[in-house]
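# Summary of structural features
This is what each chain is made of:
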Amino acid sequence: MFTLAEVASLNDIQPTYRILKPWWDVFMDYLAVVMLMVAIFAGTMQLTKDQVVCLPVLQSTVNSKAQPSTSGKADFTTVETTTGQGEAASIRTVSFGSAPTVTPDVPLSRATSSQYQPTESGQELKKEQKDSSGRKTNLDFQQYVFINQMCYHLALPWYSKYFPYLVLIHTIILIVSSNFWFKYPKTCSKIEHFVSILGKCFESPWTTKALSETACEDSEENKQRLTGAQSLPKYVSTSSDEGSPSASTPMITKSGFKFSADKPMIEVPSVTILDKKDGEQAKALFEKVRKFRAHVEDSDLIYKLYVGQTVIKTVKFIFILCYTANFVNTISFEHICNPKVEHLIGYTQFECTHNMAYMLKKLLISYISLICVYGFICLYTLFWLFRIPLKEYSFEKVREESSFSDIPDVKNDFAFLLHMVDQYDQLYSKRFGVFLSEVSENKLREISLNHEWTFEKLRQHVSRNAQDKQELHLFMLSGVPDAVFDLTDLDVLKLELIPEAKIPAKISQMTNLQELHLCHCPAKVEQTAFSFLRDHLRCLHVKFTDVAEIPAWVYLLKNLRELYLIGNLNSENNKMIGLESLRELRHLKILHVKSNLTKIPPNITDVAPHLTKLVIHNDGTKLVVLNSLKKMTNVAELELQNCELERIPHAIFSLSNLQELDLKSNSIRTIEEIISFQHLKRLTCLKLWHNKIVNIPSSITHIKNLESLYLSNNKLESLPTAVFSLQKLRCLDVSYNSIALIPVEIGLLQNLQHFHITGNKIDILPKQLFKCVKLRTLNLGQNSITSIPDKISQLLQLTHLELKGNCLDRLPATLGQCQLLRKSGLVVEDHLFDALPSEVKEVLNQDTSIPFANGI
């Protein structure tokens, strides 16, 4: 036997789940408990007190022709037996008349014959019969017990016997149906996760702060609208309105916590203080809500399961009501029993009474009443389920009451769970909506960011770059701290991996700012900030994955001098991803594009007339269309690196103002076209390094003004004499080739200052090399040189000498006569340096403050 507590546990759910129990579910749970108590009470009464009492129907009452009794009065003696399990049969004598009579325990035939045979106490018996009333049955105790039990099972309707158990089973089914969605594994985990997140969102200090600040902002905004007060001075552009951003420009507009481009930003005083721990917990909640939404919105299993269990309860109610109502009238106090045991009892018919009939009937009526109420609630639930689309949930009311206008509507199971929560308390959904808003999340990040990155901390991260400018690099932050714009002496600002970067009007305080780096950072700017950047920004670096990440306002910076674009500008099907027009960049001088181009973007021709330097670094994609280069007549420096070029493009020969050409890391094998460079009168630097060039044509002599020639990392085996006819040559780099001999004609290069021949097969240094008395840099490392001539002392301006990786056994003592050479500029093995005379080492170890130029 199970206890009531064990049965009630079926209806037990976690206390936190109660927010998903609308009033009808709660009411049905209470009804189920009452029905359960009815079942338990009826079952208890039936097991302890349920009994049937039967008396035989005498033949005289059935057949009027039967022999009348010899006595005018008969005794009715009944024996009551209880049918309770495990209880001994009890005997109770009931007499109708003046004197009780107990039938002796004798067989029925004997008892019958005793009616006609006088006993020893015949006179006394006659006297008793004369005084008693009722009819004599002549049945003994065992026969009464037997017939009572027989008639209990035969005469009573089955519903009277099994009513408590049916009620118990039906109630358990209803309880299980009501809470099955909380127990089913595929829905239980989602519900548990939802309730956990909902509780944390409801109790989070950020929710209170966000909603409070919303109200505060509304009041402050109204106040500012009335007074016209401004918290920041607005930057006044010195230029005309030309170049103002269009409607599609990513400016910050008034939407949620985004600020208008036409109005200064108003700092709203904080209502509450959010400490670091609460801020981190709120950030984690935003991430959990985002992942939970993506997981739950994909299916509607919870909704279908709830509808299914409601339908099951409704069908169960109809079934119970239909068959139970028919049994109300079958429960009665009196029953006629025909057990067909006349050969054992002597009677064919018995009249029985059921002592629990009235109680069971009242319990049944009560049960039907409860079931009717339960059923009507089920019908109402079905009406609610199909009255409105519960697989869609709108936060329209929350959006109207707060400034979080970006709270998205949700669908499927997520929407259904929120509808259920609304039946409990709509405040839960309102507070939960705060964590669905990107504006709210950005505001939290902003508060946490400003709390962490103070002015003092940012000042510690400011450094000096190679150009001796003050530089600040911010990496992977949730936004740009407000204190950044208080660093008024900053020259360079680098923002990397900051997807929610916003540049406010306060940037107008940074009067020294001329260079900005945006690495995967599609920053948005206010109108005042844009006006400042348009007039003051000179250099901009933009690194992106998709061209859409380039902010639209970049194309409107009319005073920009240098633009660096690093990212993908070519689709998979080799179609150009177009940049927006660069026509507004009227003062652009340097354009650097590092991408995967197959042709030069046509928009670059918009800035062709005033462009002086063009750099294209490909990732190995072959650049095939170069005709647009002809329009860049003012380009002085051109770099086409890693573009898989096999020959020098002919379009280059039209660039009459070209001074420096860099074709590094291509696949150029021959440079016969070099003769056409004679038309480029201003060409002074030619870089053909990291290619596959085998020889240098003699036509190189036609480039009369060439001062720098870079041919390192090629496949040269010799240096032609024509190279040494370039009298203006100041730098010659032929490192990492297969050159075995330095021609004696090298002495003709009287202006040579930098000679690099590292990584070749040189074994002897010609004496004519040391006639190049202007040499400052001489790199001879990784060759097969066995000795250094003493004439090296003639190189009085030598500041850098590399000899490491050769076959030297000593260094000449005349190194000490190279007045500008110091140990820091001498690259050689330690044992060779240690073998020098002490006075030479002393000279080389001296410090010098004489400046020198590298010139590379």
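Residues numbered from 1 in each chain as written. Predicted model: local features only at pLDDT ≥ 70, side-chain atom pairs only at ≥ 80, totals over all residues. Heavy atoms only, no water.

### Brief notes about the packing of aromatic side chains
This is how the line gets drawn: Planes of paired rings set the category: under 30 degrees apart is stacked, over 60 is edge-to-face and the rest tilted, where pairs are Phe, Tyr or Trp rings (Trp by its six-membered ring) whose centres lie within 6.5 Å. Strands here mean DSSP runs of E at least two residues long; helices mean DSSP runs of H or I at least four residues long; both are numbered from the N terminus. Using a 1.4 Å probe on the protein chains alone, a residue whose accessible area is under 20% of its type maximum counts as buried, one over 50% counts as exposed, and one in between counts as partly exposed. In this analysis the charged atom, NZ for Lys or CZ for Arg, is taken to sit over a ring once it is within 6 Å of the ring centre and within 35 degrees of the ring normal.
Under the counting rule described, the total for this entry stands at 32 aromatic pairs. Taking the centre distance of 5.7 Å and the plane angle of 65 degrees together, the rings of tryptophan 24 and tyrosine 380 count as edge-to-face. Residue tryptophan 24 is found in helix H2 (residues 23-49), and its partner tyrosine 380 is found in helix H13 (residues 357-387); the two are separated by 356 residues along the sequence. Look at tryptophan 24 and you get buried, because its relative accessible area is 0%. Classification of tyrosine 380 by relative accessible area gives partly exposed; the value is 35%. Ring-pair connections join several aromatic residues into one group, and the members of that group are Trp158, Tyr159, Phe163, Phe319, Tyr323, Phe327 and Tyr367. Taking the ring centre of phenylalanine 202 as reference, the NZ or CZ of arginine 431 above it sits at 5.0 Å.

### A short note on the state of the cysteines
Cut-off, in case you're wondering: Any cysteine sulfur atom paired with another within 2.5 Å is treated as part of a disulfide.
Under the defined criterion, the tally for this structure stands at two disulfides. Each sulfur of the disulfide joining cysteine 54 and cysteine 352 lies 2.0 Å from the other. Sign of the S-S torsion, about 110 degrees for the bond between cysteine 54 and cysteine 352, identifies this disulfide as right-handed. Here cysteine 54 is found in strand E1 (residues 52-56), whereas its partner cysteine 352 is found in strand E5 (residues 350-354), with 298 residues between them in sequence. Across the disulfide, cysteine 151 is cross-linked to cysteine 337 (sulfur-sulfur distance 2.2 Å). Between cysteine 151 and cysteine 337, the S-S torsion sits near -90 degrees, and that sign places the bridge as left-handed.

### Some points on the pattern of salt bridges
Let me state the cut-off plainly: Any Lys or Arg side-chain nitrogen found within 4 Å of a carboxyl oxygen on Asp or Glu counts as a salt bridge.
The full count for this structure, using the stated rule, is 17 salt bridges. For lysine 494, the salt bridge is made with glutamate 471, and the minimal N-O distance between the two is 3.4 Å. Taken as a pair, lysine 494 in strand E10 (residues 492-496) and glutamate 471 in strand E9 (residues 470-475) lie far apart in primary sequence, 23 residues in all. In this structure lysine 494 comes out as partly exposed when scored by relative accessible area, which is 22%. Owing to a relative accessible area of 13%, glutamate 471 belongs among the buried residues under this scheme.

### A word on a nonpolar patch on the surface
What counts is decided by this rule: Every patch collects residues that have over 30% relative accessible area and no salt bridge, joining them within 9 Å if they carry like charges and within 5 Å if they are nonpolar side chains (Val, Leu, Ile, Met, Phe, Trp, Tyr). The method behind every accessible area is Shrake-Rupley, applied with a 1.4 Å probe, and residues are considered shielded solely by the protein chains displayed.
A contiguous nonpolar patch, built from Trp23, Phe27, Val373, Tyr380 and Phe383 and spanning about 490 Å² of accessible area, is present on the exposed surface. Elements with a minimum of two residues in the nonpolar patch: H2 and H13. At three residues, H13 tops the list of elements feeding residues into the nonpolar patch.

### Focus: the environment of phenylalanine 146
The criterion, for reference: By definition in these notes, contact holds between two residues if any of their heavy atoms fall within 4.5 Å.
Take phenylalanine 146: it is sitting in helix H6 (residues 141-154). Judged by relative accessible area, which is 31%, phenylalanine 146 ranks as partly exposed. A sequence separation of 198 residues divides phenylalanine 146 from leucine 344, and the C-alpha atoms of the two residues are 9.9 Å apart. If we ignore the near neighbours within four places in the chain, the residues touching phenylalanine 146 are Val341, Leu344 and Ile345.

### Concerning the sheet that holds E5
Definition in use: Here, a strand pair is defined by DSSP locating no fewer than two bridges between the strands. Angles run from 0 to 180 degrees between N-to-C directions of axes, and those axes are lines fitted to C-alpha atoms, restricted for helices to the stretch in contact.
Spatial ordering of the open sheet is given by E1-E5-E4, a layout of three strands whose pairing is antiparallel. This sheet does not close on itself; its edge strands, each paired only once, are E1 and strand E4 (334-337). On average, each strand axis in the sheet is tilted by 25 degrees relative to the strand beside it, whichever way the strands run. Of the pairings in the sheet, the one linking E4 to E5 comprises four bridges and is antiparallel in character. Paired with glutamate 334 across the bridge in E5 is threonine 353.

### A closer look at the pairing of strand E14 (residues 539-543)
In terms of residue burial, E14 counts as a mostly covered element, since four of its five residues are buried. Pairing of strand E12 (residues 515-519) with E14, which is carried by five bridges, proceeds in the parallel orientation. Bridge pairing in E14 places glutamate 515 opposite cysteine 539. When E14 meets strand E15 (residues 562-566), the two strands line up parallel, connected through five bridges. Each residue of the ladder has a partner; that of valine 542, found in E15, is leucine 565.

### Let's talk about unusual backbone geometry
Despite not being glycine, asparagine 412 shows a phi value in the positive range, around 55 degrees. For asparagine 412, the position within the fold is in helix H15 (residues 412-424). A positive phi angle, near 55 degrees, is found at serine 665, a position not held by glycine. With respect to the helices, strands and loops of the structure, serine 665 is situated in the loop between strand E19 (660-662) and strand E20 (685-687).

### Details of the pairing of strand E17 (residues 613-618)
With respect to burial, E17 is a largely interior element, five of its six residues being buried. Sheet analysis places E17 next to strand E18 (residues 637-641), joined by five bridges and oriented parallel. In the sheet register, valine 615 faces E18, and the bridge partner there is glutamate 639.

### Concerning the UniProt feature "transmembrane region" (unreviewed entry) in the protein chain
Applied cut-off: UniProt positions are given in the numbering used here, feature names are shortened, and annotations may be inferred rather than shown by experiment.
Mapped onto the present numbering, the UniProt feature "transmembrane region" (unreviewed entry) falls at residues 27-47, 162-182 and 364-386. For residues 162-182, helix accounts for 100% and strand for 0%, while the C-alpha atoms at its two ends are 31 Å apart. Taken as a whole, residues 364-386 contains 100% helix and 0% strand, while its terminal C-alpha atoms sit 33 Å from one another.

### Details of the packing of helix H7 (residues 158-183) against helix H11 (residues 301-324)
The cut-off we apply is this: An angle counts as roughly parallel when it lies under 35 degrees, as roughly antiparallel when it exceeds 145, as roughly perpendicular when it falls between 65 and 115, and as oblique in every other case. Here a crossing is taken to be left-handed if its near helix is turned anticlockwise relative to the far helix by less than a right angle, and right-handed if that turn runs clockwise. Gly is placed with the polar residues, together with every amino acid not listed as nonpolar (Ala, Val, Leu, Ile, Met, Phe, Trp, Tyr, Cys and Pro) or charged (Asp, Glu, Lys and Arg).
Close contact between H7 and H11 brings their axes to 8 Å; oriented N to C, the two are set at 165 degrees. Between H7 and H11, the interaxial angle falls into the category roughly antiparallel. Remark: the crossing between H7 and H11 carries left-handed chirality. Of the residues in H11, those touching H7 at Trp158, Tyr159, Leu166, His170, Ile173, Leu174, Ser177, Ser178, Phe180 and Trp181 are Ile302, Leu305, Tyr306, Gln309, Ile312, Lys313, Lys316, Phe319, Ile320, Tyr323 and Thr324. Its residues assigned to classes, the contact of H7 with H11 comprises 14 nonpolar, five polar and two charged.

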